[in-house]
Amino acid sequence: MDSIRLTEYLKRKLPDATDLRVVDLKRIPGGSSRETYSFDVEWTENGERKRRPMIGRRDPTGGLLKSERRREFNVVDTMHRAGMKVPEPLFVELDPSVMDRPFFIMHRLNGRTAAGAMAAAEPEALRAKLAVAFVSEMTRLHQLDWRSLGMEWLGVPKDLAEPARAQTQHWLELYNQDRMGEAWPIIDAAFAWLKANPVMSDRIAICHGDFRAGNYLFDDSGFITMLDWEMTHLGDPLEDLAWSSMGLWGKDNLAGGLIDREAYYKLYEQKSGAPIDRKRLFFYGVLGNAKMAVICLTGIRDFTEARTSDTVMVLLLQAVLPILLEDLAAQLNLVE
Amino acid sequence: MLRPTPKEVLAGLQRTILETVMPELTSPYAISQAGTAALVLTMASEWVDSFPKYHAAEIEDLQQTFDSLRPHGETGIVEAAGFREALDSGVRASDQEPPDYRGMEAAMGELAGGVATKRLPGPVAGEVRAYLKRHLERIRTLFGTTSPFG
């Protein structure tokens, strides 16, 4: 994103603003599936000088996920209106002539992100507080009435068997697309198991799709906002619970680096008011590891084929994929 | 011996990033990318030697595993379980000169699926499990087990 084009764009979007300036525009790390830019906008309106912190998220040339900007913007917009803790969405632009690739702009909130060891290094009292807020936000999402929010456009599963089947098929197709002809016996085994052991949901809910440590902002006073809604879909709520408590995101036995995994599940049961079906949770735990392995392969392919220069993709091969393979092998009893 | 060696070139590039490029950078994203690139170069320097060894060990292990599985193709229990074709294709890939690495891995993937779904007969499943264990040990040796997420 460049300052001149961004300024011109915002002048069109804020016609009542005069003397509009974009200040401190810089690309920031994080969010490997998008280019993320931080900036402030200053303008004068009704004789008053105003300043607002903003975040711009632009489509990358390559990366971990392929998703539609309009879809993510609309989800965040609906979540904002539903009272979920999300950054206020401001503008979405799909015309690539404006800034080379589609992008959207939202209000910037201050806070930090942390996953695994970094989260586990936070004070225990803060971790406990974050766990409660994080799980509360997750269950609140799962309890939203997606019909009354008009979210059928996300794609309504035709029956309660479809969420497991559709997610398995979706990630299997991406696996076959992005594996660059390589065979990964453990990932092959995982998809064979997922296809042979489908589970039936008890209801259809809004699933964030990437509800995990590292995807929310917090500060010393607690949870601030949930980020990265690009994989949101209608599905089985236990998909989010399993994903958020995967071994990859949490050191030792700490779910998301926050609290003991079993305590975390009890918390979800308390907040949701229903017992967790452990068979479904296990299924989505296997799916989560397989899904993350596929996301790694997508990033590795885009790096290998020069669609992205993000060096983090190499770390996926070195530091993330091996852990997922180990976890899948243990889950499926593939090693003696 | 031609100098600099590939490892020495990579080490030199890393010094360029750390000593020349990074001190001049102001963008948080560029600093982060440069730091990661320097780290990756350290790993890549190791991989110059370790990747070929890993591949050689994988190929040898897959060949030996399919050799030991070969007699099971005659027993009928594998066929009954629906894995005769996977076993045969793995053996054929193993018999090629040079061995078809991807073909052996693909066949092993199908057999591993049979282990995961408990459809593969015990003796064959045992051989596949033993291979997968060695496969994971080699990946652990190659990459370590450090997670950026802890």
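Computed from a predicted model, the values in this text were never measured in an experiment.

A few points about the overall build of chain A
- A tally of regular secondary structure across chain A gives 11 helices and 11 strands.
- Against the globule reference of 20 Å for 336 residues, chain A gives a C-alpha radius of gyration of 20 Å, in line with a compact fold.
- Each principal axis of the C-alpha distribution contributes one length, and for chain A these read about 70 × 45 × 45 Å.
- Here the analysis covers contacts within chain A between residues at least 6 apart in sequence; of these, 69% occur between residues at least 24 apart.

Re helix H9 (residues 261–272) of chain A
All names here are of chain A.
- Its 12 residues place the ends of H9 16 Å apart at the C-alpha level, agreeing with the 16 Å of an ideal helix rising 1.5 Å per residue.
- Taken as a whole, H9 has its buried residues at Tyr264, Leu267, Tyr268 and Ser272. Taken around the axis of H9, the buried residues stretch over an arc of 115°, which confines them to a single face.
- Considering only its buried residues, H9 is in contact with helix H5 (124–143), helix H8 (237–244), strand E10 (254–255) and strand E11 (259–260).
- In the segment just after H9, glycine 273 is the residue with positive phi, at about 75°.

Side note on the environment of threonine 18 of chain A
Residues and elements named next belong to chain A.
- Looking at where threonine 18 falls in the secondary structure, it is placed in strand E1 (residues 18–28).
- With 31 residues separating them along the chain, threonine 18 and arginine 49 place their C-alpha atoms 9.4 Å apart.
- Apart from the residues within four sequence positions on either side, threonine 18 is in contact with Trp43 and Thr44.

Comments concerning the environment of cysteine 207 of chain A
All names here are of chain A.
- Mapped onto the elements, cysteine 207 comes out in strand E6 (residues 205–207).
- On the neighbour-count criterion, cysteine 207 (26 C-beta atoms within 10 Å) is buried.
- Linking cysteine 207 and histidine 107, residues 100 residues apart in sequence, is a C-alpha distance of 23 Å.
- Those residues in contact with cysteine 207, other than ones at most four positions away along the chain, are Thr232, His233, Gly235, Pro237, Glu239 and Asp240.

With respect to the sheet that holds strand E5 (residues 103–107) of chain A
Residues and elements named next belong to chain A.
- One open sheet accounts for 5 strands, arranged E1-E2-E3-E5-E4; its pairing is antiparallel. Here the strands that pair on one side only, and so sit at the sheet edges, are E1 and strand E4 (89–93). The sheet shows a mean angle of 25° between the axes of neighbouring strands, taken without regard to direction.
- Bridging between E1 and strand E2 (residues 35–45) involves 7 bridges; their strand directions are antiparallel. Within E2, the residue paired with valine 22 across the bridge is valine 41.
- Here helix H2 (residues 69–81) sits on the sheet and contacts E4 and E5; the angle it forms with E4, its principal contact strand, is near 160°.

So, the pairing of E5 of chain A
Residues and elements named next belong to chain A.
- E5 sits mainly inside the fold: 4 of its 5 residues count as buried.
- Bridging between strand E3 (residues 48–58) and E5 involves 5 bridges; their strand directions are antiparallel. What sits directly across from isoleucine 55, in E5, is methionine 106.
- Relative to E5, E4 runs antiparallel, the two being bridged by 4 bridges. Residue pairing for E5: proline 89 is matched across the bridge by methionine 106.

Examining the pairing of E3 of chain A
Residue and element names in this part refer to chain A.
- Sheet analysis places E2 next to E3, joined by 11 bridges and oriented antiparallel. Counted as the bridge partner of threonine 36 is arginine 57 from E3.
- Turn length for the E2-E3 hairpin, with the two strands adjacent in sequence and antiparallel, is 2 residues, and the turn residue asparagine 46 shows positive phi of about 50°.

A look at the domain arrangement of chain A
Residue and element names in this part refer to chain A.
- Under the domain assignment, chain A is made up of domain 1 (3–107) and domain 2 (120–331).
- Computed from C-alpha coordinates alone, the two centres of domain 1 and domain 2 are separated by 26 Å.
- With 20 residues of domain 1 in contact, the opposing surface of domain 2 contributes 23 residues.
- Looking at the side of domain 1 that touches domain 2, its residues break down into 10 nonpolar, 8 polar and 2 charged.

Some remarks on the domain arrangement of chain B
- Structurally, chain B comprises domain 1 (6–49) and domain 2 (52–141).
- Placing a centre on the C-alpha atoms of domain 1 of chain B and another on those of domain 2 of chain B gives a separation of 39 Å.

What counts as what
Residues numbered from 1 in each chain as written. Chains lettered and ligands numbered in written order. Predicted model: local features only at pLDDT ≥ 70, side-chain atom pairs only at ≥ 80, totals over all residues. Helix = DSSP H or I, 4+ residues; strand = E, 2+ residues; numbered from the N terminus. Rg over C-alpha atoms; globule rule 2.2 N^0.38 Å. Contact = placed C-beta atoms within 7 Å. Expected span 1.5 Å × (residues − 1). Buried ≥ 20, exposed ≤ 12 C-beta atoms within 10 Å, placed from the backbone. Arc of directions from axis to C-beta. Pairing = 2+ DSSP bridges. Axes fitted to C-alpha atoms, helices over the stretch in contact; angles between N-to-C directions. Domains from an automatic or database assignment. Nonpolar A, V, L, I, M, F, W, Y, C, P; charged D, E, K, R; others polar.

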